[in-house]
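Results of the structural survey
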Amino acid sequence: MADRSIEEFKKKTYDLLVIGGGINGAAIAHLAGRQGLVTALLEKGDFSSGTSSRSTKLIHGGIRYLENLEFDLVSESLYERYLQLEAAPHLVRPLEFVIPVYRGDARPLWMMRLGVFLYDLLAGSKKIGTHRKLSPQEVLELEPGLKREGLTGGVTYFDAQMDDARLCLENVLSAREHGADVANYVKVTSYLKENGKVVGVKARDVLSGQTFEVRAKKVICTVGPWTNELIRWDHPQAKKRVRTTKGIHLVYEGRISKKALLVTSKKDNRVFFIIPWMGNSLIGTTDTNYIGDPDKVAADREDIDYLVTEAKRFFPGWEFQKEKVVTVFAGLRPLIRRGGSPTKVSRKHLFYETTSGLVFVVGGKYTTYRKVAEDCLKKICPGYHKTDFTLYGSGVFKESCADVSQKQGLDEEIIQSLRDRYGIRSEDILKLAGGDSALKKKVLERFPVILAEIVYGVKYEFARTAEDIVSRRLSFSYQKLSDAEKEILGRNIEQVLEQP
């Protein structure tokens, strides 16, 4: 963050200061800006670099929550799914799932049929597509590589797939568009208090080391797995409010399955997913208790073996090769602190306010982030009024990909890729590139990504490090790159970052 930006934070008293630039914090800042509140958002790392970029990449109602009879949560989530599909069709897209069912499964075929029926019923007019019952033969026609022995049939249903990091970023960019001051790589180090009430924070620019104060009438903490720590900054003896469970995902080179699959683990009867993702396969997730430092969460060998073993059970012809693992990532779910097994803990959200006036957002799931933000603002802003929900890339294209391709002298594949990543803001990247042929060149020959996107990420999307670009702006971390490609990519990014 430039010194000039720090001066902006120092000279204002904000109506609202949000600590934590994951999806909930980004959405609260976004909706607060729409309400006309003078808002600030601070994130100690990059936006979405914690839990919010380590999800299963789904905007979903949560079909498995029907087992817990959480019909209200599923119904709410299905409505939010609809809103996200409407607001960000470039980042949230319909996805059909197949659920194969085998003899001896913890959830028999009749239960799965009932589940998808209820799922569509709760979605009502907002459903994406209609579920289907499948015979064993129909399941195998959709997924020929599945294990045949013991297959009793299956069902299909619909949910949505998302780019979680960019969905979070678009909320940040929308917040800025509506007047919020936002900054990544700014770590809050302590609270400012007057007469026992929190009136702001002390903060440090992580990259420059500069310290400064930010003052606000209300401070909201959307720090997920770090909630217990920040509560104790305020009251050292405060009770823990969040229970963290770890979920890991494995991205494997190539397509293991043709369709997205929801399957049941034999080891612990958990459901997990095998999903096509950016030309590869996303396998996950685990759900285990975690009591360590949130900054040090990582996948261990046991987690990886669990996913590989279970996936191979469904695809016996799949020959797992370690060198084809593209990446493994781990995240923490900040759940409401309650007992019971991790899979039974509710994904509902609530708010906890301390005697000093701090508000903490606790629980929730990615899909309901807009509702979390709305409920939070209703709690602290009596005059809150609901507005239409749009995102930074929302909008309708005036020209076809083919027409833009011809005008810009770029392959249609590149134009479509830009639209898929930035929505209507893809026009901004093309304007930035202008007639500069260097900016229109592909970063790597086999991917439809141009150099202008790296420049745009640094100049307009708060990218501060190479990792920000690779993992959260352009998603190269989900691709198997050769050493030569990594070198070219790194050199291109560094050249842009070094520019004044």
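Up top you'll find the structure we're talking about.
A brief look at the structure comes next. Note that this is a predicted model, so its numbers are computed, not measured. All residue numbers refer to positions counted from 1 along the written sequence of the respective chain. For a predicted model such as this one, the threshold for reporting local features is a pLDDT of at least 70, and the threshold for listing and counting side-chain atom pairs is 80 or more; totals across whole chains, interfaces and linings nevertheless cover every residue. Hydrogens are left out, water is left out, and the side-chain values use all remaining heavy atoms of the structure.

Quick word on the packing of helix H3 (residues 71–87) against helix H9 (residues 369–380)
Relative orientation of the contacting elements H3 and H9 amounts to 105 degrees, with a least axis distance of 9 Å. Considering the angle they form, H3 stands roughly perpendicular to H9. Side by side, H3 and H9 meet where Glu-76, Glu-80, Leu-83 and Gln-84 of the first sit next to Tyr-369, Arg-370 and Lys-371 of the second. In the contact of H3 with H9, the residues fall into two nonpolar, one polar and four charged. The convention used is that axes are lines fitted to C-alpha atoms, helices contributing only their stretch in contact, and that angles between N-to-C directions extend from 0 to 180 degrees. Here a strand is any run of E in DSSP of at least two residues, a helix any run of H or I of at least four, and the numbering for each starts at the N terminus. If an angle is under 35 degrees, it is roughly parallel; if it is over 145, roughly antiparallel; if it lies from 65 to 115, roughly perpendicular; otherwise it is oblique. Contacts are assigned to residue pairs that have any heavy atoms within 4.5 Å of one another. Each residue is assigned to one class: nonpolar for Ala, Val, Leu, Ile, Met, Phe, Trp, Tyr, Cys and Pro, charged for Asp, Glu, Lys and Arg, and polar for all the others, Gly among them.

Observations regarding the sheet that holds strand E11 (residues 211–216)
What holds strands together in a sheet is hydrogen bonding between their backbones, with the strands either parallel or antiparallel. At least two bridges found by DSSP between two strands are what make those strands a pair. Here we have four strands laid out as an open sheet, ordered E1-E11-E10-E9, and mixed in their pairing. In the strand order of this sheet, the two ends are held by strand E1 (13–14) and strand E9 (186–194), each with one partner. Examined bridge by bridge, E9 and strand E10 (residues 197–205) share eight bridges and lie antiparallel to one another. Across the sheet, Ser-190 pairs through a bridge with Lys-202, a residue of E10.

Description of a nonpolar patch on the surface
Patch construction takes residues with relative accessible area above 30% that form no salt bridge. Like charges are linked within 9 Å, and nonpolar side chains (Val, Leu, Ile, Met, Phe, Trp, Tyr) are linked within 5 Å. Method for areas: the Shrake-Rupley scheme with a 1.4 Å probe, in which residue coverage is limited to the protein chains shown. Any Lys or Arg side-chain nitrogen found within 4 Å of a carboxyl oxygen on Asp or Glu counts as a salt bridge. Judged by side-chain polarity, Trp-110, Leu-114, Phe-117 and Leu-121 come together as a nonpolar surface patch covering roughly 460 Å² of accessible area. Along the chain, Phe-117 turns up in helix H4 (residues 109–123). Since its relative accessible area comes to 43%, Phe-117 is described here as partly exposed. Here's how the labels work: a residue is buried when its accessible area is under 20% of the maximum for its type, exposed when over 50%, partly exposed in between, all with a 1.4 Å probe on protein chains only.

Description of the side chain of Glu-374
Examined against the element boundaries, Glu-374 turns out to sit in helix H9. Those residues in contact with Glu-374 that lie beyond four places of it in its chain are Leu-31, Tyr-384 and Lys-386.

What about the sheet that holds strand E12 (residues 219–221)?
Ordered in space as E8-E3-E2-E12-E20-E19, the six strands form an open sheet in which the pairing is mixed. Both edges of this open sheet fall to strand E8 (181–183) and strand E19 (349–353), since each of them pairs with a single strand only. Ignoring which end each strand starts from, the neighbouring axes of this sheet average 15 degrees apart. In terms of strand pairing, strand E2 (residues 16–19) meets E12 through three bridges, oriented parallel. Bridge pairing in E12 links Ile-19 to Cys-221. Along the sheet face, helix H7 (residues 227–234) touches E2, E12, E19 and strand E20 (359–363) and points at about 155 degrees away from the line of E20.

Describing the nonpolar core
The nonpolar side chains of a soluble globular protein tend to be buried, and buried together. Here, nonpolar core refers to any group of buried Ala, Val, Leu, Ile, Met, Phe, Trp, Tyr and Cys residues whose side-chain atoms link them within 4.5 Å. Of all hydrophobic cores here, the largest spans 72 residues; its most connected members are Ile-28, Val-92, Leu-167 and Phe-476. Apart from the residues lying within four places of it in its own chain, the contact partners of Val-92 are Ile-59, Gln-84, Leu-85, Ala-160, Gln-161, Met-162 and Leu-167.

So, the packing of aromatic side chains
Stacked, tilted and edge-to-face pairs are distinguished by plane angle, under 30 degrees for stacked and over 60 for edge-to-face with tilted covering the rest, among Phe, Tyr and Trp rings (Trp via its six-membered ring) whose centres lie within 6.5 Å. What the rule picks out here adds up to 20 aromatic pairs. Centre to centre, the rings of Tyr-79 and Tyr-82 are 6.3 Å apart; their planes meet at 35 degrees, and the pair counts as tilted. Pair noted here: Tyr-79 and Tyr-82 are both in helix H3, with a separation of three residues, about one helical turn. By relative accessible area, Tyr-79 is classed as partly exposed at 35%. What links up through ring pairs into an aromatic cluster is the set Phe-97, Tyr-119, Tyr-157 and Phe-273. Whether a charge sits over a ring comes down to the Lys NZ or Arg CZ being within 6 Å of the ring centre and within 35 degrees of the ring normal. One cation-aromatic arrangement involves Arg-419 over Phe-397; the distance from NZ or CZ to the ring centre is 4.0 Å.

Things to note about the pairing of E19
Bridge count between E19 and E20: five bridges; the pairing is antiparallel. Following the sheet pairing, Tyr-352 is matched in E20 by Phe-360. Hairpin geometry of E19 and E20 is characterised by an intervening segment of five residues between the two adjacent antiparallel strands and by a positive phi of about 95 degrees at Gly-357.

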